Structure formats: C-alpha cells, structure tokens
Amino acid sequence: MDAEASPPRSISGHLRGALQACRGVMAHLPRLALDIALPTLCVSCREPVDGEGVCAACWARLSFIERPYCPRLGIPFVYDPGPDMLSMEAIASPPAYQRARAAVRYDDVARTLVHALKYQDRTDLAPAMGRWMARAGGELLAEADMLVPVPLHWRRAWRRRYNQSGALARIIERQSGVKVKAEVLRRVRATEQQIGLSRAQRATNVQGAFQVSPDRQADVQGRRIVLIDDVLTSGATLDACARALLRAKAAQVDVLVFARVVESR
C-alpha cells in the first residue's frame, strides 16, 4: 500500500529538478529585465556594447604600450635605442621601485576607464583592465612573491566603498596566481588629492603617508613585491609606497599600473 501511495523515486527526482530550474529562472528574471531595459553602454562613447564596457572602436583607440620601452620605468621609446638603454627620466631621477610597467598610455579613453572604475562604481571594468595589466607585467609577475595594492586612507575608503587598486589586484591574482596581500601596507595619513599639484608638491603630499603594518613586517621581509595601482603620473605615491616596503626589508619592489602618463617629445 505504501509503495502504491507514494510516487516513484525517479518521478520525485524529476519534479525536484524542475522546481529548482524554475527557481533559477525566476531568480535571474530581474537581471534579464534590467539588461533588456538598460543595455550595457561603452564607457567611452556610450554606444551599446556586448561584453565588459568597451566597444571595439574605443578599444582600438587605446594606446597599448609595447616594446621598445625603458627597462626601468616602462616609458615607450619612439625608436629602439638598443638593449638595456635607460630613459632620461630613469637616469636623472631613479625611483625607489626597481621597475614599472603599464598596460596603456593615459589618453582620453584610458582616462575615461580609470575615472569610471574609481568614481562611478564601474567595477565591471576591472576584469578587462586587470587582464591587460597582467599581460603588460608578465615579467614582473613571474618573479613576484605577492601583490600589494596601493591603499586608501580609511576615510576615503569608507566614502568610496571600495579600492580600485584592490579590485585590479584581485583580477591580476586570478590571472597570474600571485597572491594579493592588501593588509601589509597602510595609508596612515590622509593626503590631499594629487590632481593639480606639481611634481614636488606631490612628493611632499605623500611623504610619510604609508607604513607597513607592524604585525606584517615578517610577511614583507625578503619578498619580491609588485605594487598595483590604476595610474602612474609623477610616480610620487608609488615611490612613497615602495620606500615604506623597502624600509620593512622587502627584497625588491616593482610597479604595475593600468595607465601611465607619457610626456610628448
């Protein structure tokens, strides 16, 4: 009697599977409706786009940095001066970090991407930007022990709700396998925005602003570290971060950014 009263197990299993499938469809309906009502737009030209926020035309306008470039600072050369030739900037004012690499020049499209990620909650841009960075910094990542994103002061982090450098670092971690150690470096002093400051003022603004956490000194000692940030302008912020890590006995500090300013010659 019991066997006749209850449905076969196979039928019950099919019913449960169908119910779960319906629940999955219902859960995705709001997102589907939103995608139909508000299609993804290119962050630069605002045209509809499939994918991660950059249309093919704007992608083609990005100035990717390729060799030849300065082996120290990653500044692209107009012509190939030969192996191991340093740029004038690297000779005249060498930074505390050993090497710097950037995916693209900081032009109009790159600026729009950076500002959207940093100020407009466009975290959907981080995967593409992070993959380009991982490609540009392959030689640095192959030798690295850890990734350290440039930290925000806690007040700015609270207002912005996330650190764009940390978002990029997590993508690079997945691409390279090098672990992110965001907790080793802290911004212990709030600083002014660097925009509009001269090179000397930028250096003064960030002096003493970064510190390795006392309980993380052992994590840094003897390690090869890659600092992650969105933009390299004068290099003052990254230089201050590198000095803090080197004071904590890091073996080497390199820099990997999405975009860098390249002065016209």
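Residues numbered from 1 in each chain as written. Predicted model: local features only at pLDDT ≥ 70, side-chain atom pairs only at ≥ 80, totals over all residues. Heavy atoms only, no water.

(A) Up close: the overall build of the chain. When helices and strands are counted, the chain shows 12 helices and 6 strands. Here the chain, with 265 residues, has 43% of them falling under the buried criterion. In the chain, the share of contacts with a sequence separation of at least 24, taken over all contacts with a separation of at least 6, comes to 72%. Accessible surface, the chain as shown: approximately 15,200 Å² in total, 53% of it carbon and sulfur. (Helix = DSSP H or I, 4+ residues; strand = E, 2+ residues; numbered from the N terminus. Buried < 20%, exposed > 50% of the residue type's maximum accessible area, 1.4 Å probe, protein only. Contact = heavy atoms within 4.5 Å. Areas by Shrake-Rupley, 256 points an atom, 1.4 Å probe, with all protein chains shown as cover.)

(B) Expanded view of helix 5 (residues 108–119). Look at helix 5: 16 Å from first C-alpha to last across 12 residues, which is about the 16 Å you get at 1.5 Å a residue. When we look at burial in helix 5, the residues that qualify are Val109, Ala110, Leu113, Val114, Ala116, Leu117 and Lys118. Backbone geometry just downstream of helix 5 places Asp121 in the positive-phi region, at approximately 60°. (Expected span 1.5 Å × (residues − 1).)

(C) Molecular detail of the sheet that holds strand 5 (residues 224–232). Here we have 4 strands laid out as an open sheet, ordered 1-6-5-2, and parallel in their pairing. The open sheet terminates on both sides in strands that have one partner only, identified here as strand 1 (100–105) and strand 2 (146–149). Sheet twist, expressed as the average angle between the axes of neighbouring strands with direction ignored, equals 20°. The strands touched by helix 5 within the sheet are strand 1, strand 5 and strand 6 (252–260), with strand 6 carrying the most contacts at an inclination of about 105°. (Pairing = 2+ DSSP bridges. Axes fitted to C-alpha atoms, helices over the stretch in contact; angles between N-to-C directions.)

(D) View of the packing of helix 10 (residues 199–206) against helix 12 (residues 236–247). In contact at an axis separation of 8 Å, helix 10 and helix 12 are set at 35° when each is read in the N-to-C sense. Two packed elements cross with a definite hand, and for helix 10 against helix 12 that hand is right-handed. Contacts from Arg202, Ala203 and Val206 in helix 10 reach Ala236, Thr237 and Ala240 in helix 12. For the contact of helix 10 with helix 12, the residue count by class is 4 nonpolar, 1 polar and 1 charged. (Left-handed = near helix turned anticlockwise from the far one by under 90°. Nonpolar A, V, L, I, M, F, W, Y, C, P; charged D, E, K, R; others polar.)

(E) Quick look at the pairing of strand 6. For strand 6, a buried count of 8 out of 9 residues is recorded, marking the element as mostly surrounded by other parts of the structure. In this sheet, strand 6 lies alongside strand 1 in parallel orientation, the contact comprising 5 bridges. Across the sheet, residue Arg101 finds its bridge partner in strand 6, namely Leu256. Between the parallel pair strand 5 and strand 6, the chain is carried across by helix 12, and the sense of this crossover is right-handed. (Right-handed = clockwise from strand over helix to strand, strands pointing away.)

(F) Quick peek at the environment of Ser176. Position of Ser176 relative to the elements: it lies in helix 9 (residues 164–176). A distance of 2.7 Å separates the side chain of Ser176 from the backbone oxygen of Ile172, its partner in a polar contact. (Polar contact = N/O pair within 3.5 Å; in protein donor to acceptor, adjacent residues only side chain to side chain.)

(G) Structural context of the packing of helix 6 (residues 126–136) against helix 9. At their nearest, the axes of helix 6 and helix 9 sit 8 Å apart, and the two run at 60° to each other. Overall, the two elements helix 6 and helix 9 adopt an arrangement that is oblique. The two elements helix 6 and helix 9 cross, and the hand of that crossing is right-handed. In this structure, helix 6 uses Ala126, Pro127, Met129, Gly130, Arg131, Met133 and Ala134 to contact helix 9, whose residues at the interface are Ala167, Leu168, Ile171, Ile172 and Gln175. (Parallel < 35°, antiparallel > 145°, perpendicular 65-115°, else oblique.)

(H) Focus on the side chain of Asp254. Its location among the elements puts Asp254 in strand 6. Here Arg99 takes part through its side chain, which lies 2.9 Å from a polar atom of the side chain of Asp254. At 3.0 Å, the side chain of Asp254 and the side chain of Gln252 are in polar contact.

(I) Main features of the nonpolar core. Ranked by size, the top nonpolar core spans 41 residues in total, and within it Leu113, Met129, Met133, Leu147, Ile172, Ile228 and Phe258 carry the most contacts. Where this core is concerned, the elements lending two or more residues are strand 1, helix 5, helix 6, helix 7 (138–141), helix 9, strand 5 and strand 6. Apart from residues no more than four positions distant in its own chain, Phe258 is found in contact with Ala102, Ala103, Val104, Ala110, Leu113, Val114, Met129, Trp132, Met133, Asp229 and Asp230. If you look at the next biggest cluster of nonpolar residues, it comprises 35 residues, including Ala96, Ala100, Ala244 and Val253. (Core = buried A, V, L, I, M, F, W, Y, C linked by side-chain atoms within 4.5 Å.)

(J) Looking closely at unusual backbone geometry. In the segment running from Arg67 into Pro68, the intervening peptide bond is cis, with an omega of 10°. In this structure, Pro68 sits in the loop between helix 3 (56–61) and helix 4 (88–92). The backbone of Arg46 shows a phi angle near 70°, a positive value even though the residue is not glycine. Tracing the backbone shows Arg46 in the loop between helix 2 (9–37) and helix 3.

(K) Focus on helix 6. The element helix 6 is largely enclosed, with a buried count of 8 among its 11 residues. Every buried residue of helix 6 is accounted for by Ala126, Ala128, Met129, Gly130, Trp132, Met133, Ala134 and Ala136.

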